[in-house]
Structures are given as C-alpha cells and as structure tokens.
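Each chain is listed here by its residues.
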Amino acid sequence: MKIAIIGAGLAGLSCAVALEKHGHSADIFEQRNEIGLGYDIAELMTPILHGPINDSVKFFSETYDIHFKPASNVQKIFVHSENESSYVEGNIGFVNMRGRYEDSYEKQLAQQLVHSTIHYDSHANYENISKEYTHVVVATGDPQDTQQIQPFDIALPSAFAGAVVKGEFVRNEVHTWFNNDFAPQGMGYLIPHSETQATLVIVFPQYKDEWLQKRSEFWETMVKEASHALEQELVVENEFTINDYIVGKCHYPRIGNTFFVGNCFGAITPFLGFGQTGSILTGIYAAQDICGHGDYEKLCKPLFNDYEDSLVLRRGIERLSNHQLDLVTKSLHNPLIRKIVTRPNMGVLKGLSHLLKPFISK
Ligand SMILES: Cc1cc2nc3c(=O)[nH]c(=O)nc-3n(C[C@H](O)[C@H](O)[C@H](O)COP(=O)(O)OP(=O)(O)OC[C@H]3O[C@@H](n4cnc5c(N)ncnc54)[C@H](O)[C@@H]3O)c2cc1C
C-alpha cells in the first residue's frame, strides 16, 4: 500500500498517527512551510453533542493510544446576551492551542509520528497524487476540495474576525456572547491561553452582504463588550479575518480508495462550529478502514447523525431575537437547568434537537 495524505492538519495527522499504530506509514503533503494555520488561536473541545466522549483526552488516549496535552480544562462557561449574563459550570471540556504554537494539537500529533514523512511546501494536487498512490486521504480543511470530486451540502458559509488579546484571565473560564447586534445569528467567544493571553473571536453566517460590510464595526463592539464583561481594557494583537468558511457535509465519506476527512468530510457541527473532535475521529476511522480494521462509512454514521441534530439547533438559534436570547440566558440562572446542560451523557442538546426537528424546516 502507498498512502498519501493531503494536508498536515488535525485530521490528516490523526490519520497518519493511527496508520502507524497499525504498522503503516504515509506521505503527508503540507502546502505551508511548517505545521499550522494562518492565524494564532486557542480552540475548545467540549462533549456537547458528542455525548459518548465526555473526556476527549482520556478517550483518545485509552481508545486509540493517541495522546493530547490540553492547555487547560474548562470549569466554567459564561453566557452573555444583550441584557443578561449567566454561566454553567462543571467539567465542560478542554482548551487546546492550534497551529504554530509549540504545544498545538497539530504539533503534538506530528511528534507522535515515527515513520511517516511530512513534505512541507508541497501544495498537492489530487489528480496527480491519486495516480501515484494506492490510497489518498483528502484532509485539506477546505470543503471546496471535496466539491471538486463529489457533491458537498453547504449548511452555511461563515465569516470570522478574531485576535489574540492581552489582559488578565482565569485560565479555565470561557466567555461566550449571543447578541445579534454584533454577531448576527452567530456568537462571540473568549478562550484564555494563559493568565495573560486569550483568543477573542466573532463568527456569524454570511447570509447578508451587509453583515460582512459591517464586520469591523461588529468587531470593535465585541472588543468593547469583552472589555466591559471582564472589567478591563483588553489589548488586541494579531488580528485576523476569515471569509467563506464552509460548514456542511460530503455525500460519500469514501469513494474508491479516496477518503474525505476533517472539514473535507463535514466534521464541523453546525450549531456552534465545533470541528476538532470530528476531524480527529474521521482521521482515525479512515486509517482503520485503510488497514482493514473497519468500514469508514459505517464508522462515520454517528458523526452524520450528530451533524443533522446540530443543524436543527443551528436553524433554531438563527430565529432567536435578542430578547429571546436574553430569556435563554436567564434560564441558566435556574440551578436545575444549569446542571442538566452540563451533565455528562445526558445528551440534552441532542434531545432538544429531536424535539425541535418537526418545527424547523432545513
Ligand atoms: C477561527 C476558528 C475557530 C475555531 N474554533 C473551534 C473550536 O473552538 N472548537 C472546535 O472543535 N473547532 C473549532 N474550529 C473548527 C476546527 O478548527 C476545524 O474543524 C479543524 O481544524 C479541521 O481540521 P482539518 O484537519 O480538516 O483542517 P486543518 O486543521 O485546517 O488542516 C488542513 C491542512 O491542510 C493544508 N492544505 C490545504 N490544502 C492543501 C493542499 N492542496 N496541499 C497540501 N496541504 C494543503 C493546510 O495548510 C492545513 O495545514 C474553528 C475554526 C476556525 C476557523
């Protein structure tokens, strides 16, 4: 077998590490000159809508012998809407660094490789690669590459603005904002990297040109809101914007000996845009199939189900006015609701999506 992986991101590297566990190695092609995204961020991995995986670090370690060291474990998530603030607490998940940071999850995966080679500065072309290799794993993080080969259902294109902010933070406390005035039908969030640095982001669907035109205005408001909520003047560095970030799903996880993993599969859950767990899992599942230890399409089924549940919740949240978002935030003052939302294995959001499904046309 001659295996090529296009993209040394979360999904591609997870696939390579899992292949090595089964005694195979891969040629990994990465278009950049180093591992990493084009921006510096911390991301969140949470069990919300991934019911069976309450503790992702323990799960990947014990089930697949793949090891991650997160930056922190999240104990509290604050929810801010126009006129309300509340929070939920418990073991809510992990913060991990991405991209160029020394301890990013991509770099941690690359360090676990022994026999595979990462070819940097190699922008790979699927047509050429598929002629040379028996198996190709498409892991470019860009569903447009999937669309060159097969249909890809787009749920929403989204736009981001973000930055690293400096200030004083509690490491294991994340803040979120749901306010249509500056993150229409989307959200803002602040994820600490350390006591002095955090990632601040707004993300919203690109449904209206007007929203994209107002992005700088939205971003300024986000910085003010975050400074206000955290009672300090945040210093903004390394700003970035992203357009046309596609959330959706492919029709076929595997075509012949070509496997679509990570964002190229459709790993992002549309409700709040979490894609890391699905990216790592699809990478591992593809490796299992290539090595004759599973059927990729069958293994991916629960991820497709999660995607559909999450899409229902997304369509639901898109309909909420600021007043209704205030009511949702207010409901989190109720200790029982707080407890249910964060309780492991309750699958609350999944249950909610089943309740909402009949009322929401996709
Ligand atoms: C701003 C932002 C914040 C996010 N926050 C969260 C979060 O908090 N929690 C969460 O779970 N998810 C989050 N996500 C989603 C998550 O980051 C993605 O789902 C995940 O990174 C996808 O992994 P991937 O391996 O498919 O793609 P990537 O990690 O993007 O890797 C793709 C790699 O392929 C390379 N590549 C592309 N084309 C080629 C080519 N032709 N040849 C060679 N190499 C190529 C790229 O350079 C890149 O290194 C966020 C996404 C964004 C944009």
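Quick caveat, the model's predicted, so the values are computed rather than measured.

Lay out the sheet that holds strand E9 (residues 173–177) in plain terms, naming residues and giving numbers.
The strand order E3-E5-E4-E9-E10-E11-E8-E12 describes an open sheet built from eight strands, whose pairing is mixed. Single-partner strands in this sheet number two, and they are strand E3 (42–45) and strand E12 (235–250). On average, adjacent strands in this sheet sit at an angle of 30° to one another, irrespective of strand direction.

So, the pattern of salt bridges: which residues are in play, and what are the values?
Under the definition given, this model contains 13 salt bridges. Several salt bridges share partner residues, and in doing so they unite Glu-43, Arg-98 and Glu-106 into one network.

Can you break down the sheet that holds strand E7 (residues 135–138) residue by residue, with the values?
Pairing between the strands of a sheet is mediated by backbone hydrogen bonds and can be parallel or antiparallel. Judged by pairing direction, the sheet is mixed, and its six strands sit side by side in the order E6-E2-E1-E7-E14-E13 without closing on themselves. At either end of the open sheet lies a strand with only one pairing partner, and these are strand E6 (117–119) and strand E13 (254–255). Across two bridges, the pairing between E13 and strand E14 (residues 258–260) is antiparallel. The residue of E14 that forms the bridge with Ile-255 is Thr-258. Packing of helix H1 (residues 10–21) onto the sheet brings it into contact with strand E1 (3–6), strand E2 (26–29), E6 and E7, and relative to E1 it is tilted by some 155°.

Could you give an account of the nonpolar core, naming the residues involved and the relevant values?
Inside soluble globular proteins, nonpolar side chains tend to come together where they are buried. By size, the foremost hydrophobic cluster in this structure holds 46 residues, and its most contacted members are Ile-5, Leu-13, Leu-19, Ile-28, Phe-60, Ile-66 and Tyr-296. Mapped by element, the contributors of at least two residues to this core are E1, H1, E2, helix H2 (56–64), helix H3 (105–111), E12, helix H8 (276–290) and helix H9 (296–317). At eight residues, H1 tops the list of elements feeding residues into this core. Discounting residues that sit within four places of it in the chain, Ile-66 has contacts with Ser-14, Val-17, Ala-18, Lys-21, Phe-60, Ser-61, Leu-109, Gln-112 and Ile-284.

Explain the site of the ligand to me, using residue names and the numbers behind them.
Around the ligand, the surrounding shell holds 33 residues, and the nearest of these are Ala-11, Glu-30, Leu-44, Arg-98 and Asn-263. Arg-98 is positioned such that a nitrogen or oxygen atom in its side chain is 2.9 Å from an oxygen atom of the ligand. The contact in question runs from an oxygen atom of the ligand to an N or O atom on the backbone of Gly-275, over 2.9 Å. Summarising the interface, the protein chains cover 94% of the accessible area of the ligand, which totals 1000 Å² for the free molecule. Those elements that place two or more of their residues in the shell around the ligand are H1, E3, E12 and H8. A breakdown of the residues in the shell around the ligand according to their chemical character gives 16 nonpolar, 13 polar and four charged.

Help me get a handle on the packing of aromatic side chains, residues and values and all.
Evaluation of the coordinates by the stated rule reveals twelve aromatic pairs. Ring centres of Phe-204 and Phe-218 lie 5.5 Å apart, and the angle between their planes is 90°; this geometry places the pair in the edge-to-face category. Placement of the pair is Phe-204 in strand E11 (residues 197–205) and Phe-218 in helix H7 (residues 215–229), with a sequence separation of 14 residues. Both residues of the pair, Phe-204 and Phe-218, count as buried.

Criteria and cut-off values
- Residue positions are given per chain, counting from 1 as you read along its sequence in written order.
- Predicted model: local features are reported for residues with pLDDT of at least 70 only, side-chain atom pairs are reported and counted for 80 or more only, and whole-chain, interface and lining totals are derived from all residues.
- Computation of side-chain values: all heavy atoms of the structure, hydrogens and water removed.
- In this description, strands pair whenever DSSP reports at least two bridges between them.
- Working definition: helices are DSSP H or I runs of at least four residues, strands are E runs of at least two. Numbering for both runs from the N terminus.
- To obtain an axis, a line is fitted to C-alpha atoms, over the contacting stretch when the element is a helix, and the angle between two such axes runs from 0 to 180 degrees between their N-to-C directions.
- We count a salt bridge whenever a side-chain nitrogen from Lys or Arg sits within 4 Å of a carboxyl oxygen from Asp or Glu.
- Here, two residues are considered to be in contact whenever any of their heavy atoms come within 4.5 Å of each other.
- Nonpolar cores are built from buried Ala, Val, Leu, Ile, Met, Phe, Trp, Tyr and Cys residues. Side-chain atoms within 4.5 Å join them into one set.
- Partly exposed describes any residue whose relative accessible area lies between the buried limit of under 20% and the exposed limit of over 50%, with all areas from a 1.4 Å probe on protein chains only and scaled to the type maximum.
- One heavy atom suffices: a residue is near a molecule or strand as soon as one of its heavy atoms comes within 4 Å of it.
- We define a polar contact as two N or O atoms separated by no more than 3.5 Å, with the added condition that, inside protein, one atom must be a possible hydrogen donor and the other a possible acceptor, whereas residues neighbouring each other in sequence contribute only through side-chain atom pairs.
- For every accessible area listed, the method is Shrake-Rupley and the probe measures 1.4 Å; residues are considered covered only by the protein chains on display.
- In this classification, Asp, Glu, Lys and Arg are treated as charged, Ala, Val, Leu, Ile, Met, Phe, Trp, Tyr, Cys and Pro as nonpolar, and every other residue, Gly included, as polar.
- Under the pairing criterion, centres of Phe, Tyr and Trp rings, with the six-membered ring standing for Trp, must be within 6.5 Å; the plane angle then separates stacked pairs below 30 degrees from edge-to-face pairs above 60, leaving the rest tilted.

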